Amino acid sequence: MRLGLDIGGTKIDAVAVADDGARSPRPVHRVRLPSGFGTDEVLDNAVEAARRLSALTGVPLGRLASVGVGVPGVVDATTGRVGHAVNLGLVDTALGDELARRLGVPVRVENDVNAAALGAWHAMSLQGSIAYLNLGTGLAAGLVLDGQVRRGAHGAAGEIGHVPVDPAGAWCACGQRGCLETVASGSAAARLWPTTALHPARALLDAAADGDHLAVQARRTLVDGVAQAVRLLALTVDVQTIVVGGGMSALGDELMGPVREALAHQAAASSFIASLDLASRLVLLPAGLPAAAVGAAMAGAQADLVPVATLS
Ligand SMILES: [Zn+2]
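Residues numbered from 1 in each chain as written. Predicted model: local features only at pLDDT ≥ 70, side-chain atom pairs only at ≥ 80, totals over all residues. Heavy atoms only, no water.

### Some words on the overall build of the chain
Consideration 1: Along the chain, the regular secondary structure elements total nine helices and 13 strands.
Consideration 2: Its C-alpha atoms give the chain a radius of gyration of 20 Å, near enough to 20 Å, the size a compact globule of 312 residues would have.
Consideration 3: Considered along the principal axes of its C-alpha atoms, the chain spans approximately 60 × 40 × 35 Å.
Consideration 4: The buried share among the 312 residues of the chain stands at 51%.
Consideration 5: Long-range contacts, defined as pairs at least 24 residues apart, comprise 62% of the intrachain contacts of the chain with a sequence gap of at least 6.
Consideration 6: Accessible area for the chain stands at about 13,500 Å²; split by element, carbon and sulfur atoms hold 53% of it.
Consideration 7: Both charge centroids of the chain, one from 23 positive and one from 28 negative side chains, sit 3 Å from each other. (Helix = DSSP H or I, 4+ residues; strand = E, 2+ residues; numbered from the N terminus. Rg over C-alpha atoms; globule rule 2.2 N^0.38 Å. Buried < 20%, exposed > 50% of the residue type's maximum accessible area, 1.4 Å probe, protein only. Contact = heavy atoms within 4.5 Å. Areas by Shrake-Rupley, 256 points an atom, 1.4 Å probe, with all protein chains shown as cover. Lys, Arg positive; Asp, Glu negative; His and termini not counted. Charge placed at Lys NZ, Arg CZ, Asp CG, Glu CD.)

### Looking at the coordination of the zinc ion
Consideration 1: Within the protein, the atoms that donate to the zinc ion are H162 (ND1), C172 (SG), C174 (SG) and C179 (SG), at distances of 2.0 to 2.3 Å.
Consideration 2: Taken together, the four donor atoms coordinating the zinc ion span angles of 104 to 125 degrees at the metal, a pattern that classifies the geometry as tetrahedral.
Consideration 3: Residue class for C174 comes out partly exposed when judged on its relative accessible area of 38%.
Consideration 4: On the accessibility criterion, C179 (0% relative accessible area) is buried. (Donors = N, O, S within 2.8 Å, 3.2 Å for Na, K, Ca; no water. Tetrahedral: all angles 85-135°; square planar, octahedral: opposite > 155°, others 65-115°.)

### With respect to the sheet that holds strand β13 (residues 282-284)
Consideration 1: Spatial ordering of the open sheet is given by β11-β10-β9-β12-β13, a layout of five strands whose pairing is mixed. Only two strands of the sheet have a single neighbouring strand rather than two, namely β11 (148-149) and β13.
Consideration 2: The sheet contacts of helix α3 (residues 112-123) involve β9 (130-135), β10 (139-145), β11 and β12 (241-245), and relative to β10 the element is tilted by about 50 degrees.
Consideration 3: Lying on the sheet, helix α6 (residues 213-237) is in contact with β9, β10, β12 and β13; it crosses β9 at an angle near 155 degrees. (Pairing = 2+ DSSP bridges. Axes fitted to C-alpha atoms, helices over the stretch in contact; angles between N-to-C directions.)

### With respect to the packing of aromatic side chains
Consideration 1: Considering all chains together, one arrives at zero aromatic pairs under this definition.
Consideration 2: The ring of W121 carries the charged tip of R23 above its face, separated from the ring centre by 3.6 Å. (Phe/Tyr/Trp six-rings, centres within 6.5 Å; stacked < 30°, edge-to-face > 60°. Lys NZ or Arg CZ within 6 Å of the ring centre and 35° of its normal.)

### Concerning the packing of helix α5 (residues 200-209) against α6
Consideration 1: Packing of α5 against α6 brings their axes to within 8 Å, and their N-to-C directions diverge by 125 degrees. Between α5 and α6, the interaxial angle falls into the category oblique. By crossing handedness, the relation of α5 to α6 is classed as left-handed. Along the contact surface, α5 presents L204, L205, A207, A208 and A209, while α6 presents A215, V216, A218, R219 and L222.
Consideration 2: Its residues assigned to classes, the contact of α5 with α6 comprises nine nonpolar, no polar and one charged. (Parallel < 35°, antiparallel > 145°, perpendicular 65-115°, else oblique. Left-handed = near helix turned anticlockwise from the far one by under 90°. Nonpolar A, V, L, I, M, F, W, Y, C, P; charged D, E, K, R; others polar.)

### Observations regarding the nonpolar core
Consideration 1: Of all hydrophobic cores here, the largest spans 44 residues; its most connected members are L133, L135, L139, L233, I242, L255 and L282.
Consideration 2: Examining the composition of this core, we find that 10 residues originate from one element, α6, more than from any other.
Consideration 3: Setting aside residues up to four positions removed in sequence, L282 forms contacts with V230, I242, V244, M256, V259, R260 and L263. (Core = buried A, V, L, I, M, F, W, Y, C linked by side-chain atoms within 4.5 Å.)

### Some points on the domain arrangement of the chain
Consideration 1: By the assigned domains, the chain splits into domain 1 (2-111 + 290-305) and domain 2 (125-284).
Consideration 2: Using C-alpha coordinates to define each centre, domain 1 is positioned 28 Å away from domain 2.
Consideration 3: Each partner contributes residues to the interface: domain 1 has seven residues there, and domain 2 has seven residues.
Consideration 4: Carbon and sulfur atoms supply 25% of the area buried between domain 1 and domain 2, which totals about 630 Å² over both sides.
Consideration 5: On inspection of domain 1 and its partner domain 2, the count reaches one salt bridge.
Consideration 6: A salt bridge links E110 to R151; the shortest N-O distance between them is 2.7 Å.
Consideration 7: One can count three residue pairs in polar contact (both at pLDDT 80 or more) joining domain 1 with domain 2. (Domains from an automatic or database assignment. Buried area = accessible area lost by both parts, 1.4 Å probe. Salt bridge = Lys/Arg side-chain N within 4 Å of Asp/Glu carboxyl O. Polar contact = N/O pair within 3.5 Å; in protein donor to acceptor, adjacent residues only side chain to side chain.)

### Some thoughts on α6
Along an α-helix, a turn takes 3.6 residues, which lines up residues three or four apart on a common side.
Consideration 1: The first and last C-alpha atoms of α6 sit 36 Å apart over 25 residues, in line with the 36 Å expected at 1.5 Å per residue.
Consideration 2: Of the positions making up α6, those classed as buried are A215, A218, L222, V223, G225, V226, A227, A229, V230, L233 and A234.
Consideration 3: Between the side-chain oxygen at the start of α6 and the backbone nitrogen of L214 there is a gap of 2.9 Å, and the oxygen is on D212.
Consideration 4: Looking at the residues trailing α6, positive phi occurs at D238, about 45 degrees. (Expected span 1.5 Å × (residues − 1).)

### Digging into the pattern of salt bridges
Consideration 1: In this structure the tally under the stated criterion is 11 salt bridges.
Consideration 2: For R52, the salt bridge goes to E48, with nearest N and O atoms at 2.9 Å. Highlighted residues: R52 and E48, both in helix α1 (residues 39-57), separated by four residues, approximately one helical turn.
Consideration 3: Here the salt bridges share partners, and the residues they tie into one network are D44, E98, R101 and R102.

Here you go:
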């Protein structure tokens, strides 16, 4: 049995999957807990999630094959250290070592978008190489190339949200101007369509569907940005499949329909782009699939990750 913990900004989504070598593991148990804030709370809650799954599966913690963790922020997957996970209050934390010591199990730590990419590749039984385009508050991609997560020399592979696309665009939290994330993300939707609604992207699409001219313009910006991200992934890593996930993927065809139209528009202007058939490579992450938690669990089986030593 392998456990996977997706430690998000507000909650830990944790699953147990059978360690039977299956290509598409199904979670056999799932628990959700608040993440907490700061090293002590996050560690305590992660340990509690692992304990609850251990009890549900009937497999003692020490008999688990591995525990994998997906966490937002800068992660050194080889050492299990988390450099910065601002939303969780973690700064240069030996997350892998600490969890391994408390649980008595080998622990692997992965960036959450990379974990979701790996989870999608496994759970959706995708062939070849994929990119997972996470449209959440921000925009980032995870890459699974030939079955292995591509992290890059500095863990920045797939961070396409910070590719500047508009020299006169809005300033980005990263310090650059006109990043892709400033036009194609949940935070971009909130900036383009100021609203008190809980889901600005939903409010924006609803207003555009009602024919509001400003909303139609804002939707065009958002949709073109997502289409740019798809084209960027195809032209840099030329993956077979681009899976769209993250909070905005819940908009479903209301978002993807216009994105496919934008891709068709790109193709109409360029026979080269047309030859790449981008729209056919685009799929939505199935609703309810805990991709990052499943991927964190499967990170435990990745041969290229050295398990953090168990100290207890
Ligand atoms: Zn940026």
